Amino acid sequence: MKFLTILRDSLREAVDGKIFQAMIVVSGLFILFIASISYKPMTMKDSFDNEFSLLNSFMSNNPGVGQPTFSIENYRITNGATVPWEADYELDLVVTCPSKEAFDLAKKSKLPGTDAESVRHKMKEQYYYLSNVAVEEVPTGNPAQARMRITTHGTTVAEAAGWLHEPTILFGVRVPFYSRTLRTLVYRVENSLVNFAGGIALLLIGVVVTAGFVPNLLRKGTLDLYIVKPIGRSELLVYKYVGGLIFVFVLTSVTVLGVWLVIGLRTGMWSLEFLLVIPILTLYFAILYAVSVFIGVLTRNALVAILASLFAWGLLMLVGTLNDEIKKVRHQEAKIRQVLAANDSSDDSGRSALGLPRWVETGLHVLSRALPRGWDLDTQAARGIARGVLTEQEVKKDGLDEPLPPWGETVGVSVVWIGILLGLACWRFETRDG
């Protein structure tokens, strides 16, 4: 009962200030925005139309390349398929210029569509998922125009998730320039909008809202009211800490579960790995809140606790980012060195991958292993989301398959730091007067 009473007092600090209710409303609006995103499977004509709408606008004001106009004519699905990834296509790609001289200029500029070879190259590079592609030049009788008939039979895609989709936001606003496979679009939403942008917002709000919990507890009169009860100071501080964690855990759970639900209903992709964001963000906040509690006990000042938490957050991100970049550069250097091994006699023992002294690089590596694993937690979340929605080939292509420290090490080091900071805070709380 003591735990529940003090826990309720910790949560009431946010609830009474209307912050918690406001955050629930903001979370609901964010979920609604994610729900407003729909995903339309694109036909081959859709893909060409999206590309040409921008290209025509640019070319019409560029006489240096002949001012060509690109269009699609005689488009049809030849096998009666009802879904685009099972369809066979036939269409004419038509390029029209104001004059023969302008067309010759466009052809000289090697614009796609001015000859059959350029169209074949375009189809191979951009429409690689279409099978048995044939391109035939059709005579037009117009020296300022070229017509290429494109036919396809079959695709390499077996399901909707692997086919190109065009997203719309706010229940109808098209985003034609951002067409991707459905799997990739869902990954971008879950990782970029929720894990990255939403995670930053949740951590920042959590740091600001909970920073005053401990300083408020230490006010003269408030602390006296607590310590007359049969409860130790350290126990009281830990209860306050747990109350702050629950505040962030609830907000994170509401947001992530809401997004998971609407994405599943929209796409049919129910990735359980996405739910790992809840414990990962909570653990990340637990690290920052431990810093906040420790500084709050030392200074009794919420603003200083906020600044200290933000500094710790920035430090973890900086060390993790620099160490990650060093590993990438060293990996590239190792590949180059293997190729040039026979002729490479240079000595780079004192040279850092980022142009810094080698001892700085070593120090960054040591810090990244010794400090709480904030960067690793970020990376683990992104990798988990990727494993839940992308194929193994897509994960490898995006470089999301590189080895990471084991979960036990990442969580263990972080929990040890939380224990150290809370232990120091409890010790100072026990020994200070009032």
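Rules and cut-offs
- Residues numbered from 1 in each chain as written.
- Predicted model: local features only at pLDDT ≥ 70, side-chain atom pairs only at ≥ 80, totals over all residues.
- Heavy atoms only, no water.
- Pairing = 2+ DSSP bridges.
- Helix = DSSP H or I, 4+ residues; strand = E, 2+ residues; numbered from the N terminus.
- Axes fitted to C-alpha atoms, helices over the stretch in contact; angles between N-to-C directions.
- Contact = heavy atoms within 4.5 Å.
- Expected span 1.5 Å × (residues − 1).
- Buried < 20%, exposed > 50% of the residue type's maximum accessible area, 1.4 Å probe, protein only.
- Core = buried A, V, L, I, M, F, W, Y, C linked by side-chain atoms within 4.5 Å.
- Phe/Tyr/Trp six-rings, centres within 6.5 Å; stacked < 30°, edge-to-face > 60°.
- Parallel < 35°, antiparallel > 145°, perpendicular 65-115°, else oblique.
- Nonpolar A, V, L, I, M, F, W, Y, C, P; charged D, E, K, R; others polar.

(A) The arrangement of the sheet that holds strand β4 (residues 134-138) in detail. Spatially, β2-β3-β5-β4 is the arrangement adopted by the four strands of the open sheet, whose pairing is antiparallel. If you trace the sheet from one side to the other, it starts and ends with β2 (69-77) and β4, each paired once. Put simply, the sheet's adjacent strands are angled 20 degrees from each other on average, direction ignored. The pairing of β4 with strand β5 (residues 145-151) spans five bridges and is antiparallel. Bridge pairing in β5 links glutamate 137 to methionine 148. Helix α5 (residues 116-126) contacts β3 (89-96), β4 and β5 of the sheet and is inclined by roughly 40 degrees relative to β5.

(B) Representation of helix α13 (residues 374-389). Its 16 residues place the ends of α13 23 Å apart at the C-alpha level, agreeing with the 22 Å of an ideal helix rising 1.5 Å per residue. Summarising burial for α13: 12 of the 16 residues are buried, a large majority. Among the residues of α13, those classed as buried are Gly374, Asp376, Leu377, Thr379, Gln380, Ala381, Ala382, Arg383, Gly384, Ile385, Ala386 and Val389.

(C) Seen up close, the nonpolar core. Tyr187, Leu237, Tyr241, Phe274, Val293 and Ile418 are the most contacted members of the largest nonpolar core, which totals 77 residues. Counting residues per element, the ones that place at least two in this core are α2 (19-35), α6 (182-210), α7 (213-217), α9 (233-267), α10 (277-299), α11 (302-339), α13 and α15 (407-431). With 17 residues, α10 is the largest single contributor of residues to this core. Aside from chain neighbours lying at most four places away, what touches isoleucine 418 is Tyr241, Leu283, Ala286, Ile287 and Ala290. With 30 residues, the next largest nonpolar core counts Cys97, Met123, Ile150 and Val157 among its residues.

(D) Local environment of the packing of aromatic side chains. Under the defined criterion, the tally for this structure stands at 10 aromatic pairs. Measuring from ring centre to ring centre gives 5.2 Å for tryptophan 260 and tryptophan 270, while their planes differ by 75 degrees; the resulting arrangement is edge-to-face. Here tryptophan 260 is found in helix α9, whereas its partner tryptophan 270 is found in the loop between α9 and α10, with 10 residues between them in sequence. Tryptophan 270 gets classed as partly exposed once you look at its relative accessible area, which sits at 40%. Each residue in the set Phe48, Phe52, Phe70, Tyr127, Tyr128, Tyr129 and Trp163 is aromatic and connected to the rest through ring pairs, giving one cluster.

(E) Layout of the packing of α10 against α13. Running from N to C, α10 and α13 cross one another at 170 degrees; their axes reach a closest spacing of 10 Å. With respect to α13, the axis of α10 lies roughly antiparallel. Along the contact surface, α10 presents Val277, Ile280, Leu283, Tyr284 and Ile287, while α13 presents Gly374, Leu377, Asp378, Gln380, Ala381 and Ile385. Here the contact of α10 with α13 is composed, by residue class, of eight nonpolar, two polar and one charged.

(F) Spatial organisation of the side chain of serine 47. Secondary-structure assignment places serine 47 in helix α3 (residues 44-59). The buried category is assigned to serine 47, whose relative accessible area is 9%. Among residues more than four places away in sequence, those in contact with serine 47 are Met42, Tyr127, Tyr129 and Leu164.

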